[in-house]
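Here is what each chain is made of, one letter per residue.
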Amino acid sequence: MNGDGGSVDVAGCDVDLNQTVFFQQMIGTLANTLEEVVGLEDAASFVGVVGGQVGDELSRKYSKALGHRELDVRTIAAILVDLKARIGGTFRIESVTEDEICLTNGHCPFASQVVGRPSLCMMTTNVFGRIVSRASGYAHVEILEAIATGHAGCRVRIHLRPKADVDGYEFFA
């Protein structure tokens, strides 16, 4: 109630809150809590499990939308860019060869919530890994630079053939 006995217009107050902001904050807080309680490695594992499930589902959706056809490397790269654009990322293709896809990004879908929370990079790692391996049979995802770890942007390399002495995570069809 305000001073004259009427109710206050709460809906008109200036609060930076909408569905996107709420879910970004929730995911950021969840990742931070996991990293503090179970440690970075286990937190990344938990996020990775979720990312794997999301990646499988997105792979099925893109496969169905594209008529379940065999995909060339450029189309696979375009799928990764498209899915990130749909959720607020700005991924771009840096290079594509028969052996690897390299992508860059200037804005994380988790927005400022990703800063200092590298476990969230496992979402990208697992989504990309599942989609690429289902389409090509194999993927090895490396996060070379990440907003989460203080870089200005992200740089992700996905190897399409096994390669020795490479950091990252392997995925098989």
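Fair warning: this is a prediction, and the values are worked out from it, not measured in the lab. (Residues numbered from 1 in each chain as written. Predicted model: local features only at pLDDT ≥ 70, side-chain atom pairs only at ≥ 80, totals over all residues. Heavy atoms only, no water.)

Draft legend 1. Seen up close, empty space enclosed by the protein. With the rule as written, the count across this model stands at 1 cavity of 30 Å³ or more. The computed volume of the largest cavity comes to approximately 120 Å³. Every residue lining the largest cavity is counted, 16 residues in all, and those nearest its centre are Cys 108, Leu 120, Cys 121, Thr 124 and Cys 154. Of all elements in the fold, only helix H4 (121–136), strand E3 (138–145) and strand E4 (154–159) reach the threshold of two or more residues within the lining of the largest cavity. Counted by class, the lining of the largest cavity contains 12 nonpolar, 2 polar and 2 charged residues. (1 Å grid on protein atoms, 1.4 Å probe; cavity = no way out; pocket = protein on both sides within 12 Å on 5 of 7 lines; lining within 4 Å. Points joined across faces, edges and corners; volume = space filled by probe spheres on them. Helix = DSSP H or I, 4+ residues; strand = E, 2+ residues; numbered from the N terminus. Nonpolar A, V, L, I, M, F, W, Y, C, P; charged D, E, K, R; others polar.)

Draft legend 2. Geometry of the side chain of Gln 113. Its location among the elements puts Gln 113 in the loop between strand E2 (100–105) and H4. For Gln 113, a relative accessible area of 18% corresponds to the buried category. In this view, Gln 113 contacts Gln 24, Gln 25, Gly 28, Thr 29 and Leu 120; residues no more than four positions away in its chain are not counted. (Buried < 20%, exposed > 50% of the residue type's maximum accessible area, 1.4 Å probe, protein only. Contact = heavy atoms within 4.5 Å.)

Draft legend 3. Local environment of the layout of surface pockets. One number sums up the size of the largest pocket: a volume of about 520 Å³. Lining the largest pocket are 20 residues, with Ile 27, Ile 87, Gly 88, Pro 109 and Phe 110 sitting closest to its centre. Looking at the lining of the largest pocket, the elements with two or more residues in it are helix H1 (19–38), helix H2 (40–65), helix H3 (73–86) and H4. At 5 residues, the largest contribution of residues to the lining of the largest pocket is made by H1. Residue composition of the lining of the largest pocket, grouped by class: 12 nonpolar, 5 polar and 3 charged. Around the second largest pocket, the lining is made up of 18 residues, and of these Pro 118, Cys 121, Met 122, Ile 143 and Tyr 169 lie nearest the centre. Its residues placed into classes, the lining of the second largest pocket shows 10 nonpolar, 5 polar and 3 charged.

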